[in-house]
Amino acid sequence: MQTVILAAGRGTRMHPLTDRRPKPMLPVTDRPLVAHTVDAAIEAGATSLTLVVGYEADDVRSFFGDERGGVPVEFAVQEEQRGTADAVRAAAPTLDDDEPFVVLNGDALYDVPSLSTLYDSVPAVGSYTVDNPSSYGVLDTDTDGFVTGVIEKPENPPSNLINAGSYVFPAEAQQWLNVEESDRGELELTDVLARACDEFDVQAVAFDRWLDVGRPWELLEANEWKLSELDGRIDGDVSDDAELTGPVVVEEGATVRSGVVIEGPALVRKGATVGPNAYVRGATVVGEGAKVGHAVEVKNSVLMEGATVGHLSYVGDSVLGRDVNFGAGTKVANLRHDGEAVRQMVKGELVSTGRRKYGVVLGDEAKTGINTSLNAGVRLPTGGMTKPSESVLYDRIEGGKGDE
Ligand code: TTP
């Protein structure tokens, strides 16, 4: 089925990681987030793909070119991020008007069997069961189980099924994309869904697994998910006395030196170096050309390309942007002594990550002075620096108080 993937978002909740790249291009294991969406869509039955792009569009275009896995790829540009209905409207000229079409958010991970069920159901909306539906758009259904609409953040949610931002629309919906602006000032696809519900029996397809990747800790979660599906493979250069256990991938052109212990799942990408004498464990990606040096421990973290943690450092549950450099002895705190979930600033608010273990997020090219301590939940901006022996207690981007 023809498929539209929305990838024009700016990803403001993901700052500073999206200062220089669109959220769909953030790394999840060995490829960008949106490539997982695209690959799942192809496996589920996409016959053509239109990617709606906007912010830093060229990054997405150059990654995909004009086909993926034998399926043709086109691009539609949404100049201004005016809402999801507006994004699909930008894609409409690429669609066959007599055929139904699928729309997927390009910043989510889907499991293929669930997505295949969605592709087999026309019209339909994908949904996911959560414990706290009041924070989401919740699906309302009639007595026959068909969807009647989406209620945004209801006080008394009619179900635990939330809208997973994935739809199969009938062909007619291409004529319904000129919706009115919503109360929050956007042109919303849920208004197009509401019309589909009025005119058709729309099924709710419950996804077994699904992850919306909006904030930095969800990028860690996305990597944890996809690393758990990894089959170990050694194509790079691994010292005889390195100990690798669990699924570990060492890509061609990567080096694992003497005395290194890696407990998978872990991925060491091409051109990366680990060791000598380093300890890498639990759902870690060492990005292309990144370096983990002597006496460094890295746990459950994503090091983007070129990030360097050279000596005597600890990195836990953290995301380090491209070409970040850790001065010797830099340590990351990833646990509160009161056992509460670590919080992080997101657009002016201190938000619970829901994670007892969570470290730091560093923008591209941030550098720490030697012996810097980074408190749990802090972010450093793109190009940010710390002085030697500095103790960073609070978020350095929005200045809000982090967790002490
Ligand atoms: P959001 O996650 O709501 O927006 P965003 O990706 O820009 O992130 P943030 O809120 O942090 O700034 O968007 C959901 C999906 O829809 C996502 O895949 C991006 C896409 N989208 C568009 O393509 N165009 C739009 O105008 C909007 C609002 C979203």
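Our subject is the structure that appears above.
Figured I'd write up the structure that's included with this text. What you see is a predicted model; the values in this text were computed from it and never measured.

Looking at the overall build of the protein
Broken down by element type, the protein carries six helices and 39 strands. Expressed along its principal axes, the backbone C-alpha trace of the protein runs to roughly 65 × 45 × 35 Å. Going through the 404 residues of the protein one by one, you find that 54% of them count as buried. In the protein, of all internal contacts separated by at least 6 residues, the share reaching a separation of at least 24 is 49%. Looking at the protein as shown, the accessible area adds up to about 16,600 Å², and 43% of this sits on carbon and sulfur atoms. Computed over 36 positive and 66 negative side-chain charges, the separation of the two mean positions in the protein equals 10 Å.

A look at the packing of aromatic side chains
One pass over the full model with this rule turns up seven aromatic pairs. Note on Y110 and F207: the rings are 6.1 Å apart at their centroids and 85 degrees apart in plane angle, and the pair reads as edge-to-face. Of this pair, Y110 sits in strand β8 (residues 108-110) while F207 sits in the loop between β13 (203-206) and β14 (210-212), placing them 97 residues apart in sequence. By relative accessible area, Y110 is classed as buried at 3%. Between Y167 and F169 the ring centres are 5.2 Å apart and the planes differ by 20 degrees, which places this aromatic pair in the stacked class. Here Y167 and F169 have matching classes, each one buried. The ring of W225 has R209 sitting right over it, with the charged end atom 4.2 Å from the ring centre.

Considerations on the pattern of salt bridges
Applying the stated criterion across every chain, the model contains 26 salt bridges. Residue E229 is joined to K226 by a salt bridge in which the shortest nitrogen-to-oxygen separation is 3.2 Å. Between R233 and D235 there is a salt bridge whose closest N-O contact spans 2.8 Å. We classify R233 as partly exposed; its relative accessible area is 41%.

Brief notes about the packing of helix α1 (residues 33-44) against helix α4 (residues 112-119)
Orientation of α1 relative to α4, taken along the N-to-C sense of each, is 55 degrees, at an axis distance of 8 Å. In terms of their interaxial angle, α1 and α4 are classed as oblique. Every pair of crossing elements has a handedness; the one defined by α1 and α4 is right-handed. Facing A40, A41, E43 and A44 of α1, the residues of α4 in contact are V112, L115, S116 and Y119. In the contact of α1 with α4, the residues fall into six nonpolar, one polar and one charged.

Comments concerning the nonpolar core
Counting 36 residues, the largest nonpolar core has L49, L51, F64, L104, L115 and Y119 as its most contacted members. The element best represented in this core is α1, accounting for six residues. Residues within four places of L115 in sequence aside, it is in contact with A40, A41, A44, L104, Y110 and F207. Judged by nonpolar contacts, the second largest core, of 33 residues, contains A272, V324, V360 and L380.

Examining the pairing of strand β4 (residues 48-53)
Counting buried positions along β4 gives five out of six residues, so the element sits mostly inside the fold. The sheet contact formed by strand β1 (residues 2-7) and β4 spans six bridges and is parallel. Residue pairing in the sheet places L6 in a bridge with V52 of β4.

Comments concerning α4
With six of its eight residues buried, α4 lies for the most part within the structure. The complete set of buried residues in α4 reads V112, S114, L115, S116, L118 and Y119.

What about helix α5 (residues 189-199)?
Turning to α5, its buried residues number three or more, namely L189, T190, V192, L193, A196 and C197. Taken end-on, α5 shows its buried residues confined to a sector of 150 degrees, consistent with a single buried face. Buried-residue contacts for α5 involve α3 (84-91), β7 (101-105), β9 (124-129), β11 (147-152) and β12 (161-169).

Parameters at a glance
Residues numbered from 1 in each chain as written. Predicted model: local features only at pLDDT ≥ 70, side-chain atom pairs only at ≥ 80, totals over all residues. Heavy atoms only, no water. Helix = DSSP H or I, 4+ residues; strand = E, 2+ residues; numbered from the N terminus. Buried < 20%, exposed > 50% of the residue type's maximum accessible area, 1.4 Å probe, protein only. Contact = heavy atoms within 4.5 Å. Areas by Shrake-Rupley, 256 points an atom, 1.4 Å probe, with all protein chains shown as cover. Lys, Arg positive; Asp, Glu negative; His and termini not counted. Charge placed at Lys NZ, Arg CZ, Asp CG, Glu CD. Phe/Tyr/Trp six-rings, centres within 6.5 Å; stacked < 30°, edge-to-face > 60°. Lys NZ or Arg CZ within 6 Å of the ring centre and 35° of its normal. Salt bridge = Lys/Arg side-chain N within 4 Å of Asp/Glu carboxyl O. Axes fitted to C-alpha atoms, helices over the stretch in contact; angles between N-to-C directions. Parallel < 35°, antiparallel > 145°, perpendicular 65-115°, else oblique. Left-handed = near helix turned anticlockwise from the far one by under 90°. Nonpolar A, V, L, I, M, F, W, Y, C, P; charged D, E, K, R; others polar. Core = buried A, V, L, I, M, F, W, Y, C linked by side-chain atoms within 4.5 Å. Pairing = 2+ DSSP bridges. Arc of directions from axis to C-beta.

Honestly, that's just the spatial picture; any functional story needs more than this.
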